[in-house]
Amino acid sequence: MTQAVHANLLGCHLCGKLSRWPGATARCPRCGSTLEFRKPASIARTWALLVAAMILYLPANLLPVMRTTYVGEETADTIISGVVYFLLNGDWPLAVIIFTASVLVPLLKMFALGFLLVSVQRHNRFWRRGRTTLYRITELMGRWSMVDVFVIALLTALVQAGNFAQVVPDLGAAAFCAVVILTMLAAEAFDPRLIWDEAGTT
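Residue numbers restart at each chain and count upward from 1, following the sequence in its written direction. Side-chain atom pairs in this predicted model are given and counted only at pLDDT of 80 or more, local residue features only at pLDDT of at least 70, and totals for whole chains, interfaces and linings cover all residues. The basis for every side-chain value is the complete set of non-hydrogen atoms in the structure, without hydrogens or water.

## Some details on the overall build of the protein
Argument step 1. Numbering of helices and strands starts at the N terminus; helices are DSSP runs of H or I of at least 4 residues and strands are runs of E of at least 2. Within the protein, the secondary structure is distributed over seven helices and five strands.
Argument step 2. Counted from the first residue to the last, the protein has its helices and strands arranged as α-β-β-α-β-β-α-α-α-α-β-α.
Argument step 3. Contact criterion: two residues are considered in contact whenever any of their non-hydrogen atoms come within 4.5 Å of each other. Once local pairs closer than 6 in sequence are excluded, the contacts in the protein between residues at least 24 apart make up 65%.
Argument step 4. In this description, accessible areas are obtained by the Shrake-Rupley approach with a 1.4 Å probe, and a residue is regarded as covered only by the protein chains that are shown. With an accessible surface of roughly 11,700 Å², the protein has 68% of that area assigned to carbon and sulfur atoms.

As structure tokens, then:
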């Protein structure tokens, strides 16, 4: 048990208010949400969401994210081909942004969540503050992965010129969007307090 459990204290999952534990049906006095010492089935739900994101990561990067038709000629572009295109045309800052947000960030986030899950399941007591900080960073950086989806949506809305040009999203965009959403849900499902569960043992 942790020191907070010994003191019958727990924080609200929604608003963060610290409250005393009065019983099994307790609710937060600030926002009214149900109070629980730990998120139910946190590890199992996080693993399920994370594995689903890992499975979709490959098609998200290998399948075309958009198809462009210009004067009757159709081209299909993946995330990587888009990065290569911008590099070859001298737009390396944009290439770096897209590669970082769309390829590197989701991959690092999945590795970070996997590391946190394994360390919690093995009851590791090392680097607790560092792992808590890693979780907070992982939770914050997930939203930036949507940059590529926003670019596709913007192009789809702007590059519509009748029979001359057309941009439509493809399967890769759907898979990529699913990866981003699943990793965000996985980070939300993970309970960082599990990292500290061994800290108060005697």
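## Examining helix H3 (residues 79-88)
Argument step 1. Relative accessibility under 20% of the residue-type maximum defines a buried residue, over 50% an exposed one, and the middle range a partly exposed one, all with a 1.4 Å probe and only protein chains included. Buried residues of H3: Ile 79, Gly 82, Val 83 and Phe 86, and no others. Within H3, the buried residues cover an arc of 100° as seen down the axis, which keeps them to one side. Facing away from the buried side of H3, by more than 90 degrees, are the exposed residues Tyr 85 and Leu 88.
Argument step 2. Backbone geometry just after H3 places Gly 90 at a positive phi near 85°. Within this analysis, the arc is defined by the directions that extend from the helix axis to the C-beta atoms.

## Considerations on the packing of aromatic side chains
Argument step 1. Between rings of Phe, Tyr and Trp, where Trp is taken as its six-membered ring, a pair exists when centres lie within 6.5 Å; planes separated by under 30 degrees are stacked, by over 60 edge-to-face, and by other angles tilted. Applying the stated rule across the entire model yields three aromatic pairs.
Argument step 2. Taking 6.5 Å as the distance between ring centres and 55° as the angle between the ring planes, the aromatic pair formed by Phe 115 and Trp 127 counts as tilted. A residue pair is termed long-range when its members are at least 10 positions apart, and Phe 115 in helix H4 (residues 92-121) and Trp 127 in the loop between H4 and helix H5 (128-141) qualify at 12 residues.
Argument step 3. For Phe 115, a relative accessible area of 31% gives the class partly exposed.
Argument step 4. For Trp 127, a relative accessible area of 52% corresponds to the exposed category.
Argument step 5. Put simply, the rings of Phe 115, Phe 126 and Trp 127 pair up and form one aromatic cluster.
Argument step 6. Any Lys NZ or Arg CZ that is within 6 Å of a ring centre and within 35 degrees of that ring's normal is treated as a charge sitting over the ring. Taking NZ or CZ as reference, Arg 131 lies 5.1 Å from the ring centre of Phe 126, over its face.

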